[in-house]
Protein chains: 2
Amino acid sequence: MESKKISKSVLKRLPGYLAYLKTMPEGSAPHISATALANALGMGEVQVRKDLAMVSDGGRPKIGYQREALIDDIEQFLGYDNTTDAILIGAGKLGQALMAYSGFDEYGLNILAAFDANPKMSRTEEGKPVYNVSKLEQFCRTHKVLMGIITVPAEHAQSVADQLIAGGIKAIWNFAPTHLDVPPGILVQNENMATSLAVLSVHLKAQIKEEKETKK
Amino acid sequence: MESKKISKSVLKRLPGYLAYLKTMPEGSAPHISATALANALGMGEVQVRKDLAMVSDGGRPKIGYQREALIDDIEQFLGYDNTTDAILIGAGKLGQALMAYSGFDEYGLNILAAFDANPKMSRTEEGKPVYNVSKLEQFCRTHKVLMGIITVPAEHAQSVADQLIAGGIKAIWNFAPTHLDVPPGILVQNENMATSLAVLSVHLKAQIKEEKETKK
DNA sequence: AATTTATCGATTATAACATATCGAATGGAT
DNA sequence: ATCCATTCGATATGTTATAATCGATAAATT
């Protein structure tokens, strides 16, 4: 089962399973079937089974998967079991919100420090240091940081990305609503709110249109 | 060209084009070709052309698209030209960050008010009212709000969603890391950071593994 | 012990999607 | 005025993701 090649769509569904498994009450049965999971999350049972088969092999007919073991398997697959260090650039509103979000530990993510062009404080509310952006590249090197989180305005995002890459970063989590040009081997994950909004907006438009037509 | 059926993948790419077109300097040529766009954003030129053909028909050989007209076409298609009202539930760190984000106007989104189970203030920094969550359903009805933004902890998300739907909401933008059960016709757009993290995390794991193997 | 039932896992089929290729049209160059 | 380069648009191919089908297995029941 271990890795080889995994489709990105599967990857995006795994956290969903994980979250559901974890929120199951303590008293529930120690086993859960792929079918049950599928029903709970409103997806096809075949798809769920296939996804689970990619990361685990503990499925037994009539019984299902052992919940604890399955959780462990998914977490291990997603790399949530060993923490990765990251830094955040852009200590604005969004940046601070992310720094304050305590849930990242759960996903094996540890934000070491924040950087800003004009640091208004030396430490965040949570006690994480805030440095001037000029220290960025050097910090990456000395701490061997592999992930950078960009929460700066769009016009500065590319420049920040370049500095991160120069510092040896391998993955970028980009919250700036702009395209980043990066060399191959560097992964950019865009958390673009504009795309989500587009989906919602078009849906609403269709919905309203439909309503008008049924009224006729 | 107008609507009919549009694939979700196309939809997600359109905001990228739009953002790039808008950031082009004033002095640049009034026309742009699909080829140029493709190169700038690092995508296939055929795909870009196909996408643009879905929303516009102003493409002319040798010239390309008129930039202004293309921007208008995309914005109209995405519904950015007429604003839609929305409300936000959960005035925590993330919720406040979203309220403070001024860029939403540009996408035709107008957040009317925020709701919280324990409002700590009656107004946000931006002057938007903050109500108790008990007023939620009534507010939706009287203001005919169609979109709700959920930024409450995962355990309360489903309950909030139910109230929104009871109030007549048609689209939900869900920032809570949990699955929401909704009746058909209601769209849930999950802005799940966990999925993005999963993609990044697995990439990093593969990257590290690769490095070790090349060192051998 | 045999049968039934529920579930996993593999195989196959379908559909969506991205990519490549080709012809047509247009504006600029010669 | 003719030719050429560029770009759009449409068609065709390959790839990938999704869905449906089938057999096998293990527990529960009779």
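Cut-off values and rules
- Position numbers for residues start from 1 in each chain and track the written sequence from start to end.
- Chain letters and ligand numbers both follow the written order, the letters beginning at A and the numbers at 1.
- The predicted nature of this model means local features are confined to residues of pLDDT at least 70 and side-chain atom pairs, given and counted, to a pLDDT of 80 or more, with totals for whole chains, interfaces and linings taken over all residues.
- Heavy atoms from the whole structure form the basis of all side-chain values; hydrogens and water molecules are not counted.
- Proximity is defined per residue: any heavy atom of the residue falling within 4 Å of a molecule or strand makes that residue near it.
- By the criterion applied in these results, polar contacts are pairs of N or O atoms within 3.5 Å in which, for protein atoms, one can donate a hydrogen and the other can accept it, and in which residues neighboring in sequence qualify only through two side-chain atoms.
- Working definition: helices are DSSP H or I runs of at least four residues, strands are E runs of at least two. Numbering for both runs from the N terminus.
- Any residue that is not Ala, Val, Leu, Ile, Met, Phe, Trp, Tyr, Cys, Pro, Asp, Glu, Lys or Arg is counted as polar, Gly included; the first ten are nonpolar and the last four charged.
- Here the copies are superposed with least squares, the fitted atoms being C-alpha atoms of residues at a pLDDT of at least 70 in both.
- Pairs of residues are marked as contacts when any of their non-hydrogen atoms sit within 4.5 Å.
- Think of it in three bands: with a 1.4 Å probe and only protein chains considered, a residue is buried below 20% of the maximum accessible area for its type, exposed above 50%, and partly exposed in between.
- Whether two strands pair comes down to DSSP finding at least two bridges between them.
- Every axis corresponds to a line fitted to the C-alpha atoms, with the helix fit spanning only the stretch in contact, and the corresponding angles, defined between N-to-C directions, vary from 0 to 180 degrees.
- Angular relationships are summarised with four words: roughly parallel below 35 degrees, roughly antiparallel beyond 145, roughly perpendicular across 65 to 115, and oblique for the angles in between.
- Buried area is understood as the total, over both parts, of accessible area removed when two parts are fitted together, assessed with a 1.4 Å probe.
- The rule for a salt bridge is simple: a side-chain nitrogen of Lys or Arg has to be within 4 Å of a carboxyl oxygen of Asp or Glu.
- Whether two aromatic rings pair depends on their centres lying within 6.5 Å, for rings of Phe, Tyr and Trp, where Trp uses its six-membered ring; planes under 30 degrees apart make the pair stacked, over 60 edge-to-face, and the rest tilted.
- Put simply, a charge is over a ring when the Lys NZ or the Arg CZ is close to the ring centre, within 6 Å, and near the line of the ring normal, within 35 degrees.

**Some words on the protein's contact with DNA strand D**
Piece 1. Taken together, 19 residues form the shell around DNA strand D, and within it Ser7(A), Arg60(A), Ala34(B), Arg49(B) and Tyr65(B) come nearest.
Piece 2. Sugar plus phosphate: this is where 72% of the atoms of DNA strand D within 4 Å of the protein reside.
Piece 3. Contact distances for DNA strand D include 2.8 Å between a phosphate oxygen and a backbone N or O atom of Ala34(B).
Piece 4. One of the side-chain nitrogen or oxygen atoms of Tyr65(B) is found 2.9 Å away from a phosphate oxygen of DNA strand D.
Piece 5. Elements represented by at least two residues in the surface near DNA strand D include exactly α1 (8–23) and α3 (45–55) of chain A together with α2 (34–41) of chain B.
Piece 6. No other element matches α3(A), which puts 3 residues into the surface near DNA strand D.
Piece 7. Of the residues in the surface near DNA strand D, the class split is 5 nonpolar, 7 polar and 7 charged.

**A short note on the relation of the copies chain B and chain A**
Piece 1. Once chain B is rotated about the relating axis by 180 degrees and shifted along it by 0.0 Å, it coincides with chain A to within an RMSD of 0.1 Å. What we have between these two chains is a two-fold relation. Looking at the rotation axis and the C-alpha trace of chain B, the residue lying nearest is Ala97(B), at 3.3 Å.
Piece 2. By residue overlap, the copies meet face to face through one surface: 100% of the interface positions of chain B are interface positions in chain A.

**Topic: the pairing of strand β6 (residues 147–150) of chain B**
Consecutive side chains of a regular strand alternate in pointing toward one face of the sheet and then the other.
Residues and elements named next belong to chain B.
Piece 1. With burial as the criterion, each face of β6 is covered, one bearing Met147 and Ile149 and the other bearing Gly148 and Ile150.
Piece 2. As judged from the 4 bridges shared by strand β3 (residues 84–89) and β6, these two strands associate in the parallel manner. The partner of isoleucine 87 across the bridge, within β6, is glycine 148.
Piece 3. Bridge analysis of β6 against strand β7 (residues 171–174) gives 4 bridges, and the strand direction is parallel.

**With respect to the packing of helix α1 (residues 8–23) of chain B against helix α3 (residues 45–55) of chain B**
How two helices pack is summed up by the angle between their axes together with the distance between the axes.
All names here are of chain B.
Piece 1. Running from amino to carboxyl end, α1 crosses α3 at an angle of 95 degrees, the nearest separation of the two axes being 10 Å. With respect to α3, the element α1 is oriented roughly perpendicular. Contacts between α1 and α3 pair Val10, Arg13, Leu14 and Tyr17 from the former with Gln47, Val48, Asp51, Leu52 and Val55 from the latter.

**Re the environment of Glu126(B)**
Piece 1. For Glu126(B), the location among the structural elements is in the loop between β4 (109–116) and β5 (130–132).
Piece 2. Residues Glu126(B) and Ala100(B) lie 26 residues apart in sequence; the distance between their C-alpha atoms is 6.7 Å.
Piece 3. Ignoring anything within four residues of it in the chain, the contact list for Glu126(B) reads Lys93(A), Met99(B) and Ala100(B).

**So, the protein's contact with DNA strand C**
Piece 1. Near DNA strand C, the surroundings consist of 20 residues, among which Ala34(A), Arg49(A), Gly59(A), Tyr65(A) and Arg13(B) are the closest.
Piece 2. A share of 77% is what sugar and phosphate atoms reach among the atoms of DNA strand C within 4 Å of the protein.
Piece 3. The backbone of Gly59(A) places a nitrogen or oxygen atom 3.3 Å from a phosphate oxygen of DNA strand C.
Piece 4. At 3.4 Å from a sugar or linking oxygen of DNA strand C is found a main-chain nitrogen or oxygen belonging to Lys62(A).

**Some points on the sheet that holds strand β8 (residues 187–190) of chain A**
Piece 1. In space, the 6 strands of this open sheet follow the order β5-β4-β3-β6-β7-β8 (chain A), with parallel pairing throughout. Single-partner strands in this sheet number two, and they are β5 (130–132) and β8 of chain A. Taken over all neighbouring pairs, the strand axes of this sheet differ in orientation by 25 degrees on average, direction set aside.
Piece 2. Contacts between helix α7 (residues 154–166) of chain A and the sheet are confined to β3 (84–89), β6 (147–150) and β7 (171–174) of chain A, with β6(A) contributing the most and set at about 170 degrees to the helix.
Piece 3. On top of the sheet, helix α8 (residues 193–215) of chain B reaches β4 (109–116), β6, β7 and β8 of chain A; it is set at about 165 degrees to β7(A), its chief contact.

**Let's talk about the interface of chain B and chain A**
Piece 1. The interface is formed by 59 residues belonging to chain B together with 59 residues belonging to chain A.
Piece 2. With both chains or domains summed, chain B and chain A bury close to 5100 Å², and 72% of this area falls on carbon and sulfur atoms.
Piece 3. Across the contact surface, chain B and chain A share 2 salt bridges.
Piece 4. Between Lys93(B) and Glu125(A) there is a salt bridge, with its nearest N and O atoms 3.6 Å apart.

**Considerations on the side chain of Ser196(B)**
Piece 1. Relative to the helices and strands, Ser196(B) is located in helix α8.
Piece 2. Ser196(B) has contacts with Trp173(A), Gln189(A) and Glu191(A), leaving out every residue within four places of it along the chain.

**Details of the sheet that holds β3(B)**
Piece 1. With respect to topology, 6 strands assemble into an open sheet ordered β5-β4-β3-β6-β7-β8 (chain B), the strand pairing being parallel. Either end of the sheet is taken by a strand with one partner, and the two such strands are β5 and β8 (187–190) of chain B. Across this sheet, the average inter-strand angle for adjacent strands is 25 degrees, counted without regard to direction.
Piece 2. On the sheet, helix α8 (residues 193–215) of chain A packs against β4, β6, β7 and β8 of chain B and is oriented at approximately 165 degrees with respect to β7(B).
Piece 3. In the packing of helix α6 (residues 136–143) of chain B onto the sheet, the strands contacted are β3, β4 and β5 of chain B, and the crossing angle to β4(B) comes to about 155 degrees.

**Considering the packing of aromatic side chains**
Piece 1. With the rule as written, the count across this model stands at 14 aromatic pairs over all chains.
Piece 2. Consider the rings of Phe115(A) and Phe139(A), whose centres lie 5.4 Å apart with planes at 75 degrees: the pair is edge-to-face. You can see Phe115(A) sitting in strand β4 and its partner Phe139(A) sitting in helix α6 (residues 136–143), a full 24 residues away along the chain.
Piece 3. On the basis of relative accessible area, Phe115(A) is assigned to the buried category, the value being 0%.
Piece 4. Taken together, a centroid distance of 5.6 Å and an interplanar angle of 45 degrees make the contact between Phe115(B) and Tyr131(B) tilted. Here Phe115(B), found in strand β4, pairs with Tyr131(B), found in strand β5; they are 16 residues apart in sequence, far enough to count as distant.
Piece 5. Ring pairs connect the aromatic residues Tyr101(A), Phe104(A), Trp173(A) and Phe175(A), which therefore count as one cluster.
Piece 6. It is Lys205(A) that lies over the ring of Phe77(B); its NZ or CZ is 5.8 Å from the centre.

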